[in-house]
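Understanding the architecture of this molecule
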Amino acid sequence: ENFNGYSCLDASCGLGRFSIAMATLGAKHVLAVDNSKFAISFVSQKAASLGLSDVIEARLFDFNKQDPTLTQALNLVEKAYKKGLKLESKYTVLL
């Protein structure tokens, strides 16, 4: 699949292999979130080493405390998924 021009969310990104794949396959922006400081640091460093820092944004996210903005986005995705709705064509979410 080609992610050309898409904005993507990689929730619980771990070491970022999917984030890197989406960026490599043409995503214009990848938001990689995880609750592990090590994982976020690793993803940031890996993105920099591959020249993808302008595409991949790695952010620490405490799934227990929940950032209101990201929580709202995740809730919208969950509602759309449960209703069988498709998101706008330029957005891809990998959970």
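Residues numbered from 1 in each chain as written. Predicted model: local features only at pLDDT ≥ 70, side-chain atom pairs only at ≥ 80, totals over all residues. Heavy atoms only, no water.

**A closer look at the nonpolar core**
- One finds C8, M22, A23, A27, V30, L52 and I56 to be the most contacted residues of the largest nonpolar core, which totals 16 residues.
- Broken down by secondary-structure element, the contributors of at least two residues to this core are α1 (17-24), β2 (29-34) and α2 (37-49).
- When sequence neighbours within four positions are dropped, the list of residues in contact with A27 reads F3, N4, G5, Y6, C8, M22 and V55.
- In this structure, A11, L31, V33 and F61 belong to the second largest nonpolar core, which totals five residues. (Core = buried A, V, L, I, M, F, W, Y, C linked by side-chain atoms within 4.5 Å. Buried < 20%, exposed > 50% of the residue type's maximum accessible area, 1.4 Å probe, protein only. Helix = DSSP H or I, 4+ residues; strand = E, 2+ residues; numbered from the N terminus. Contact = heavy atoms within 4.5 Å.)

**Remarks on α2**
- The end-to-end C-alpha distance of α2, which contains 13 residues, comes to 18 Å, matching closely the 18 Å that a straight helix rising 1.5 Å per residue would cover.
- What α2 keeps buried is the set A39, I40, V43 and A47. One side of α2 carries all its buried residues, which in axial view fall inside an arc of 95 degrees. Pointing more than 90 degrees away from the buried face of α2 are the exposed residues K37, F38, Q45 and S49.
- Tucked into the core, α2 has its buried residues touching β2 and β3 (56-60).
- Sitting at the head of α2, S36 places a side-chain oxygen 3.3 Å from the backbone nitrogen of F38.
- Just beyond α2, the residue with positive phi is G51, at close to 70 degrees. (Expected span 1.5 Å × (residues − 1). Arc of directions from axis to C-beta. Polar contact = N/O pair within 3.5 Å; in protein donor to acceptor, adjacent residues only side chain to side chain.)

**Topic: the packing of aromatic side chains**
- In total, this model carries two aromatic pairs according to the counting rule given.
- Taken together, a centroid distance of 6.4 Å and an interplanar angle of 85 degrees make the contact between F3 and Y6 edge-to-face.
- Judged by its relative accessible area of 14%, F3 falls in the buried class. (Phe/Tyr/Trp six-rings, centres within 6.5 Å; stacked < 30°, edge-to-face > 60°.)

**Topic: the pattern of salt bridges**
- One pass over the structure, following the stated rule, counts one salt bridge.
- For E57, the salt bridge identified is with R59, shortest N-O distance 3.4 Å.
- The class for E57 is partly exposed, based on a relative accessible area of 32%. (Salt bridge = Lys/Arg side-chain N within 4 Å of Asp/Glu carboxyl O.)

**Focus: a nonpolar patch on the surface**
- A cluster of nonpolar side chains, namely L15, F38 and F42, defines an oily patch on the protein surface of about 320 Å² accessible area.
- Residue position: F42 is located in helix α2. (Patch = residues over 30% accessible without salt bridge, like charges linked within 9 Å, V, L, I, M, F, W, Y side chains within 5 Å. Areas by Shrake-Rupley, 256 points an atom, 1.4 Å probe, with all protein chains shown as cover.)

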